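For reference, the chains in residue letters:
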Amino acid sequence: MYNPTVARLTYKALLGRRRAAILFVLPGLLLLIAAAVRGFNGADDQIAADVLGGFALATMVPLIGVIAGTGAIGPEIDDGSIVYLLAKPVKRPSIIFTKLIVAIAVTMVFSAVPTFLAGYILNGNGQQVAVAYTVAALVASIAYSALFLLLGTVSRHAVVIGLVYALVWEALFGTLIEGAKTLSVQQWALAVAEKVTGDGLIASDVGLPVAVALLAGVTVAATWYAGQKLRTLTLAGDE
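Keep in mind that this is a model prediction, so the values were computed, not measured.

Caption draft 1: Spatial organisation of helix H11 (residues 208-232). Compared with the 36 Å implied by 1.5 Å per residue over 25 residues, the 36 Å span of H11 between its first and last C-alpha is a close match. All of the buried residues in H11 are Ala211, Leu215, Thr219, Ala222, Thr223, Ala226, Gly227 and Leu230.

What follows is the structure, encoded as structure tokens:
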């Protein structure tokens, strides 16, 4: 189902000069924060977990997911250029699957890699904090990419809605409000990170089996529904 031509076009769109510049801002800010915190406080496992959990996983990863997920298809739908792709002999579920793979790859590179580097800057991976949050960023990247790709398929205001979701639901409600935590990708990813450290330094309000099931379920459901929505798009002259 993976289509190299669709992938190449999507990578080109996502990594264009303006969008790539935006993608580099948050990772760069995370590394600057990590260096400053290490300089002022030295190596501390709890502080490292707070920085990586509070900024990297709660803010940076979902925001990069918004940029990559919606950017993989939203602009093409908005400007109408998607019709040229749909006119090609490529199955529409294949288009969605390929764009999802590209969005996941971009989100992982711009979120998991800087999370790992920031963790080492903060405490040299003491208590496996850097690895734990890197794994969390990786699994969260998959779910966020699927959710925001779906959003880019169904709404012309995908970026705005995605930003509200990332900044309000994930960074605020998903961190502070008990009931909302169960429905937070961040908390699902934290459950995986908690398993990696295994010492109570990282804690999630969602059990690991439930978290894994929800991560997989949301990813599959969002990808499937995005494929179904793309099927409903008709080309001029199809009717």
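There is more to say, and it comes next.
Caption draft 2: Structural detail: the nonpolar core. The biggest cluster of nonpolar side chains holds 69 residues, and the ones touching the most others in it are Leu57, Met60 and Tyr133. With 14 residues, the top contributor of residues to this core is helix H3 (residues 45-71). Residues within four places of Leu57 in sequence aside, it is in contact with Leu52, Pro62, Tyr133, Ala136, Ala137, Ala140, Gln186, Ala189 and Leu190.

Caption draft 3: Focus on the environment of Leu172. Its place among the elements puts Leu172 in helix H8 (residues 158-176). On the accessibility criterion, Leu172 (39% relative accessible area) is partly exposed. In the structure, Leu172 is positioned 113 residues away from Thr59 in sequence and 9.3 Å away in space, judged by C-alpha atoms. Setting aside anything within four residues of it in sequence, one finds Leu172 in contact with Leu167 and Ile177.

The rules we used
- Residues numbered from 1 in each chain as written.
- Predicted model: local features only at pLDDT ≥ 70, side-chain atom pairs only at ≥ 80, totals over all residues.
- Heavy atoms only, no water.
- Helix = DSSP H or I, 4+ residues; strand = E, 2+ residues; numbered from the N terminus.
- Expected span 1.5 Å × (residues − 1).
- Buried < 20%, exposed > 50% of the residue type's maximum accessible area, 1.4 Å probe, protein only.
- Core = buried A, V, L, I, M, F, W, Y, C linked by side-chain atoms within 4.5 Å.
- Contact = heavy atoms within 4.5 Å.

Just geometry here; none of it tells us what the structure is for.
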